[in-house]
Amino acid sequence: MAAPQDGPWLDGAAGRLVRPYTVSNGRTRPSASLDLLTLVMATGTTPLGYLGPEHGEALGLCARPTSVAEIAGHLKLPAVVTKVLLSDLVDCGAVTAKPPTFHENPTDRSLLEAVLDGLRRQL
């Protein structure tokens, strides 16, 4: 029996009831160029055609700019499967993808402290 917070796709004892390759229709490569730090955001455009429940969950997480890594964590899916789902949403115009931008020095102390502060707020 699925725990109430897990929804119909997870079972407390058995784990994920729908295998990741099923979620991505067997695809292992996204059509859009996405990495873990790519920020995706909903455009407000309603996707045409059928998309699976995981597409809807992913789209719901894109109300504000959110990284691919964060979305994968919330969906409890492997990053490559999440990239395939998000690339489907990019292809139909439901989300936009923006590559990460770094300061001139990605190891800048102030940048690293800002990342650490953000992580602490999430805990």
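Residues numbered from 1 in each chain as written. Predicted model: local features only at pLDDT ≥ 70, side-chain atom pairs only at ≥ 80, totals over all residues. Heavy atoms only, no water.

Colleague: Residues and numbers for the side chain of T66, please.
Modeller: Locating T66 in the fold gives a position in strand β4 (residues 66-67). One polar contact links the side chain of T66 to the main-chain carbonyl oxygen of L61, over a distance of 3.0 Å. At a separation of 2.8 Å, a polar atom in the side chain of T66 contacts the main-chain carbonyl oxygen of R64. Excluding residues that lie within four positions of it along the chain, T66 makes contacts with T38, L39, V40, L61 and I71. (Helix = DSSP H or I, 4+ residues; strand = E, 2+ residues; numbered from the N terminus. Polar contact = N/O pair within 3.5 Å; in protein donor to acceptor, adjacent residues only side chain to side chain. Contact = heavy atoms within 4.5 Å.)

Colleague: Outline helix α4 (residues 79-91), supporting the account with residue identities and numerical values.
Modeller: Counted at 1.5 Å a residue, the expected span for α4 with its 13 residues is 18 Å, and the 18 Å between its end C-alpha atoms agrees. Residues V81, T82, K83, V84, L85, L86, S87, D88 and L89 constitute the buried set of α4. Looking one or two places after α4, you find G93, whose phi comes out positive at around 80°. (Expected span 1.5 Å × (residues − 1). Buried < 20%, exposed > 50% of the residue type's maximum accessible area, 1.4 Å probe, protein only.)

Colleague: Quick one: what's the story with the pattern of salt bridges, residue by residue and with numbers?
Modeller: Counted by the stated rule, this structure contains 3 salt bridges. R109 is paired through a salt bridge with E113; the nearest N and O atoms lie 2.9 Å apart. One end of the pair is R109 and the other is E113, both in helix α5 (residues 109-122) and 4 residues apart, which spans about a single turn. Taking relative accessible area as the criterion, E113 reaches 38% and is therefore assigned partly exposed. Where D117 meets R120, a salt bridge forms, and the shortest distance between an N and an O atom there is 3.9 Å. Taken together, the residues span about one helical turn, with D117 and R120 both in helix α5 at a distance of 3 residues. On the accessibility criterion, R120 (53% relative accessible area) is exposed. (Salt bridge = Lys/Arg side-chain N within 4 Å of Asp/Glu carboxyl O.)

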